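# Overview (structure and organization)
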Amino acid sequence: MSASGGAPVDRSIGKCLELQPEIVSYIISFLEDTDVVTASGVCWQWYHAASRELRLREKALYRWPGEIPSSARSLCMVGEKGISQVLQLCKGITVLEISFDEPRKLTSKVITKASQTNLKKLKLRNIIFNSENARALLSSEIPDVEIYTKYKKHVSRKSRKMLLDNKELFTSIVFSSRQPHPSFYGVYPNPVFLHRCDTFGQSKVILEAKGVTELRFSSTLTHFIISNGFHLTGKDFLQLSTLNLKTFAVSHCNISEEEWSASFQNGFIFLSFLSITDCIHLGLDTIRHISGKTNLSSLQLDLRYLTQIGECILILQDSVSLINFNLCTRAYQFNEGMFFEKKWKKLKKIAIRNYGFIETKKEILDNLEQKYKLNGILVKYYNSFTVQESNIELNKNLLPILVN
């Protein structure tokens, strides 16, 4: 793998090539977006698997000399080689992420070329950021800038000062480093500090919580999205449950089943949107409390770690307010019958993402679609590793929420 972030290494004798394609796809489906991009550099087999996975997440991937996507709203590009052709041939890019396999200086002309498109956000990962890069950003009209480096020293003080002194030119600026410990610094306008987050009276906060061990919440908070909440405690959840939250999304939280249940039993009464992904201790008692929330209209649940998935669906069918339901399961958990034990009260849209090796038969999907269609319910089903979609009409509003 080259430091410039070029073509994947062709390890013709490597162990990775002995894996079945569906196994590689299954492994990659558990990774965060940034890790999927990194995994794409292992070999061409992994590159194609990573590319398929990112397409399921409404993102495109490009590594020179691979095939340039024809269109993408969000593009992850490894290395800067071929960027002129990519920006010219790939239509509709609003979010561009440029990363390298190893820390490397980014030439300013790359930023200049990117600024000539209709970009809304530019993410730079694993780069060495200097004052020339800062000048290029200041002369561009890109509103949102995120700079992620391996070491804090990889962003020069002068370049960081140049951007923050002119922060009024941007909607937001984020600097983040992974070592010596994960941290945010120089963030505008989000109030995230090293190891501590305080919402400071804000109503909407999106937080990447790696390295954050202390959280303080304001009573004005109504929308809270947190990813990688490994350090969230049951006490944090109880505090959150007393707020007037309308939107709450959390991933990778390790609190116990009892703490989940206690926080949802009498709290979170104003929620209209809830998303819980990659949280392994979610239990049926918590599902019962969630089903009883009378304001909850949109729900996304990752039930891959729950054994009683049929009973969980049965409980959720008692919800009097649920309209949109996004469900993640494993292939062996999927059973058509569990969706028809009862009638949904108000459900209008359901999306099912299936993880695993077994392709669900087309007739089962057609049957599920037809039965639900009679009740006015739109169904979307897709598999985590296949690029072939079923004949069920896709609805982009039902795709999983990806928290960055």
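None of these values were measured; they are calculated from a predicted model.

The next thing to look at is the overall build of the protein. Assigned secondary structure in the protein consists of twelve helices and 18 strands. In the protein, buried positions account for 53% of the 404 residues. A fraction of 58% describes how many contacts in the protein between residues 6 or more apart in sequence connect residues 24 or more apart. Split by element, the accessible area of the protein, about 18700 Å² in all, is 52% carbon and sulfur.

Our next topic: the side chain of Arg 304. Here Arg 304 is to be found in the loop between strand E15 (298–302) and helix H11 (309–316). The class of Arg 304 is buried, set by a relative accessible area of 4%. A polar contact is formed between the side chain of Arg 304 and the side chain of Asp 278, at a distance of 2.9 Å.

Right, let's talk about the nonpolar core for a bit. Counting 47 residues, the largest nonpolar core has Phe 224, Phe 248, Trp 260, Ile 276 and Phe 325 as the members making the most contacts within it. Here the element with the most residues in this core is H11; it accounts for five residues. Leave out the neighbours within four places in its chain, and Phe 224 touches Val 205, Leu 207, Phe 217, Leu 240, Leu 245, Thr 247, Phe 248 and Ala 249. Of all hydrophobic cores here, the second largest spans 34 residues; its members include Val 110, Leu 124, Ala 134 and Val 155.

Looking now at the pairing of strand E1 (residues 60–63). What you see with E1 is no split at all: Ala 60 and Tyr 62 on one side and Leu 61 and Arg 63 on the other are buried throughout. Here four bridges tie E1 to strand E2 (residues 74–78), and the two strands are oriented parallel to one another. Residue pairing across strands places Leu 61 opposite Cys 76, the latter belonging to E2.

On to the pattern of salt bridges. Oppositely charged side chains are able to pair whenever their charged atoms sit close together. Following the criterion strictly, the structure yields twelve salt bridges and no others. Two residues, Lys 59 and Asp 33, come together in a salt bridge whose shortest N-O distance is 2.7 Å. Placement of Lys 59 in the loop between helix H3 (44–56) and E1 and of Asp 33 in helix H2 (residues 33–39) is noted, with a sequence separation of 26 residues between them. The buried category is assigned to Lys 59, whose relative accessible area is 10%. Classification of Asp 33 by relative accessible area gives buried; the value is 11%. Across the salt bridge formed by Glu 146 and Lys 121, the nearest N and O atoms sit 3.4 Å from each other. Of the two residues, Glu 146 is situated in strand E5 (residues 144–151) and Lys 121 in strand E4 (residues 121–128); the sequence distance between them amounts to 25 residues. On the basis of relative accessibility, which here comes to 10%, the residue Glu 146 falls in the buried class.

Before going further, it helps to spend a moment on the packing of aromatic side chains. Two measures describe an aromatic ring pair: the distance that separates the ring centres and the angle between the ring planes. Going through the model one piece at a time under the given rule, you end up with nine aromatic pairs. Relative to Phe 268, the ring of Phe 248 lies with its centre 5.3 Å away and its plane at 10 degrees, an arrangement referred to as stacked. One end of the pair, Phe 248, is in strand E13 (residues 247–251); the other, Phe 268, is in the loop between helix H9 (257–265) and strand E14 (273–277), and 20 residues separate them in sequence. By relative accessible area, which is 0% here, Phe 248 ends up buried. By way of ring pairs, the aromatic residues Phe 224, Phe 237, Phe 248, Trp 260, Phe 264 and Phe 268 are connected into one cluster.

This brings us to the environment of Ile 147. Locating Ile 147 in the fold gives a position in strand E5. Sequence separation between Ile 147 and Ile 98 is 49 residues; the distance between their C-alpha atoms is 9.9 Å. The residues contacting Ile 147, other than those within four sequence positions of it, are Leu 124, Ile 127, Phe 129, Val 155, Leu 163, Val 174, Phe 175 and Ser 176.

About the criteria used
- Residues numbered from 1 in each chain as written.
- Predicted model: local features only at pLDDT ≥ 70, side-chain atom pairs only at ≥ 80, totals over all residues.
- Heavy atoms only, no water.
- Helix = DSSP H or I, 4+ residues; strand = E, 2+ residues; numbered from the N terminus.
- Buried < 20%, exposed > 50% of the residue type's maximum accessible area, 1.4 Å probe, protein only.
- Contact = heavy atoms within 4.5 Å.
- Areas by Shrake-Rupley, 256 points an atom, 1.4 Å probe, with all protein chains shown as cover.
- Polar contact = N/O pair within 3.5 Å; in protein donor to acceptor, adjacent residues only side chain to side chain.
- Core = buried A, V, L, I, M, F, W, Y, C linked by side-chain atoms within 4.5 Å.
- Pairing = 2+ DSSP bridges.
- Salt bridge = Lys/Arg side-chain N within 4 Å of Asp/Glu carboxyl O.
- Phe/Tyr/Trp six-rings, centres within 6.5 Å; stacked < 30°, edge-to-face > 60°.

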